[in-house]
Amino acid sequence: MRAHEIDTPALLVDLDAMESNLQRMAGFFRDQPTKLRPHFKNHKVPMLAWKQMEAGAIGMTCATLREAEILVDHGVRSILIANEIAGESKIKQFADLSRHADLMVAVDHERVISDIACVARKQGRPLSVVVDINVGLNRCGVQPGQPACRLAKSAVEQGLRFRGLMGYEGQLQVLAPSDERDERVRAVAKSLVDSRILIEREGIPIEIVSTGGTGTYYVSGAFPGVTEIQAGSYLLMDTLYVNRGSPFTRALTLLASVISQPEPHRAVIDCGMKELSAERGLSIVKDIEGLELKALHAEHGLLEVQNPRVRLEMGQKIELWVHYSDATVNLHHRMYAIRKGEVEDVFRIEH
């Protein structure tokens, strides 16, 4: 099947671009002591997770227990849930999944550590945790230094398998690379490594220091003492990261059809907010100069024809570069894998 024969709206990934991104990132970590643990939340495709691991990744990062369950069901055996959980049902689900894989979860609260330890004692087997450190994102996490050390000691004292530390510098991912930005990234990594040293002085070994993302992998990934990086967006790559100076190639587009042109200067396509994320910016039309996406409604995309030489036909198919991949992928159940205009595969997006 040719790409233009796909029913719209549809999510497309350019395999040549994606594979180039895969190898570029794998190449960076090939000779580094730091390793890559990619974030599954970006693509939610088990087949792509396996491609990442076959290229050298040591396991997967995910954001939710559901994502961890999907990975376990598809044979992934080393998983970090880089997020907090709370409540009896969630903790029991985590414990049950831990029977089938090396599963770790982030913690930042004494009560949750106690609750996880209680379930672990009932099951008669240790459960693995990493202490989440707030490195400036001001979302989850305890402060570095003594607060992190106290939480690590508590986890050990209550019989949990304390594996290490994580801290996501999301506030720095939005900045374009610069000497100042990179120094801030190194300062984050240093705060994590300093916390590691403090905890190890208490006789508590640390296996994992996890940080970084697509925007900062080459800085935090080269910092001594960091053991793994959580980059995710690099594989599919979106305009958001390209605008921030990412060296990876955009691979993800949304295929849509022209369904109306009420006036010469405006047209309508058959995709809206239900198919394309716009909360961080509107998508750009691929390969057609003078045609701009101006707004998204629920099922409609409104285009402005800025160049009078642009001629649109009813039913004509156009592609839009996905601006924010995480949220757009989450709206779809399949992703068409395209190579040189042909559909080579269809990836199932798991929810």
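Student: Would you mind going over the packing of helix H4 (residues 88–97) against helix H5 (residues 110–123) with me for this structure?
Tutor: Two quantities define a packed helix pair, namely the angle between the helix axes and the distance between the axes. Where H4 contacts H5, the two axes come as close as 10 Å, and the packing angle between them is 50°. Relative to H5, the element H4 lies oblique. Relative to H5, the crossing made by H4 is right-handed. Only Asp 115, Ile 116, Val 119 and Gln 123 of H5 make contact with H4, whose side of the interface consists of Ile 91, Phe 94, Ala 95 and Asp 96. By residue class, the composition of the contact of H4 with H5 is five nonpolar, one polar and two charged.

Student: Before we go on, may I ask you to explain the state of the cysteines in this structure?
Tutor: One way to say it: the disulfide is the covalent bond shared by the sulfur atoms of two cysteines. All told, the structure shown has zero disulfides when counted by the stated rule. Residue Cys 140 stays outside any disulfide, its sulfur separated by 14 Å from that of Cys 62, the closest cysteine.

Student: Is there a simple way to explain helix H2 (residues 46–54) in this structure?
Tutor: An α-helical turn contains 3.6 residues, so any two residues separated by three or four positions project in the same direction. Here H2 has its buried residues at Pro 46, Leu 48, Ala 49, Gln 52 and Met 53. Taken down its axis, H2 places every buried residue within 160° of arc, on the same side. Buried positions along H2 lie against helix H1 (15–30), strand S3 (60–62), helix H3 (65–73) and strand S17 (342–348). The positive-phi residue at the C-terminal boundary of H2 is Gly 56, with phi of around 125°.

Student: Looking at this structure, I do not really get the sheet that holds strand S9 (residues 228–229). What am I missing?
Tutor: The eight strands lie next to each other as S2-S9-S8-S7-S6-S5-S4-S3, forming an open sheet whose pairing is parallel. Two strands bound the open sheet, and with one partner strand each, they are strand S2 (35–36) and S3. When S2 meets S9, the two strands line up parallel, connected through two bridges. If you follow Leu 36 over to S9, its bridge partner there is Ile 229.

Student: Just checking my understanding: could you explain the pairing of strand S4 (residues 78–81) for this structure?
Tutor: If a strand is regular, its side chains alternate between the two faces of the sheet. Residues of S4 alternate between two faces, with Ser 78 and Leu 80 on one and Ile 79 and Ile 81 on the opposite face, all of them buried. In the sheet, S3 pairs with S4 via three bridges, with the strands oriented parallel. Across the sheet, residue Thr 61 finds its bridge partner in S4, namely Leu 80. In this region the chain leaves S3, passes through H3 and returns to the parallel neighbour S4; the handedness of that crossover is right-handed. When S4 meets strand S5 (residues 102–107), the two strands line up parallel, connected through four bridges. Residue Ile 79 lies in a different strand from S5, and its bridge partner there is Leu 103. Regarding the hand of the β-α-β motif, the stretch spanning S4, H4 and S5 is right-handed.

Calculation rules
Residues numbered from 1 in each chain as written. Predicted model: local features only at pLDDT ≥ 70, side-chain atom pairs only at ≥ 80, totals over all residues. Heavy atoms only, no water. Axes fitted to C-alpha atoms, helices over the stretch in contact; angles between N-to-C directions. Helix = DSSP H or I, 4+ residues; strand = E, 2+ residues; numbered from the N terminus. Parallel < 35°, antiparallel > 145°, perpendicular 65-115°, else oblique. Left-handed = near helix turned anticlockwise from the far one by under 90°. Contact = heavy atoms within 4.5 Å. Nonpolar A, V, L, I, M, F, W, Y, C, P; charged D, E, K, R; others polar. Disulfide = S-S within 2.5 Å. Buried < 20%, exposed > 50% of the residue type's maximum accessible area, 1.4 Å probe, protein only. Arc of directions from axis to C-beta. Pairing = 2+ DSSP bridges. Right-handed = clockwise from strand over helix to strand, strands pointing away.

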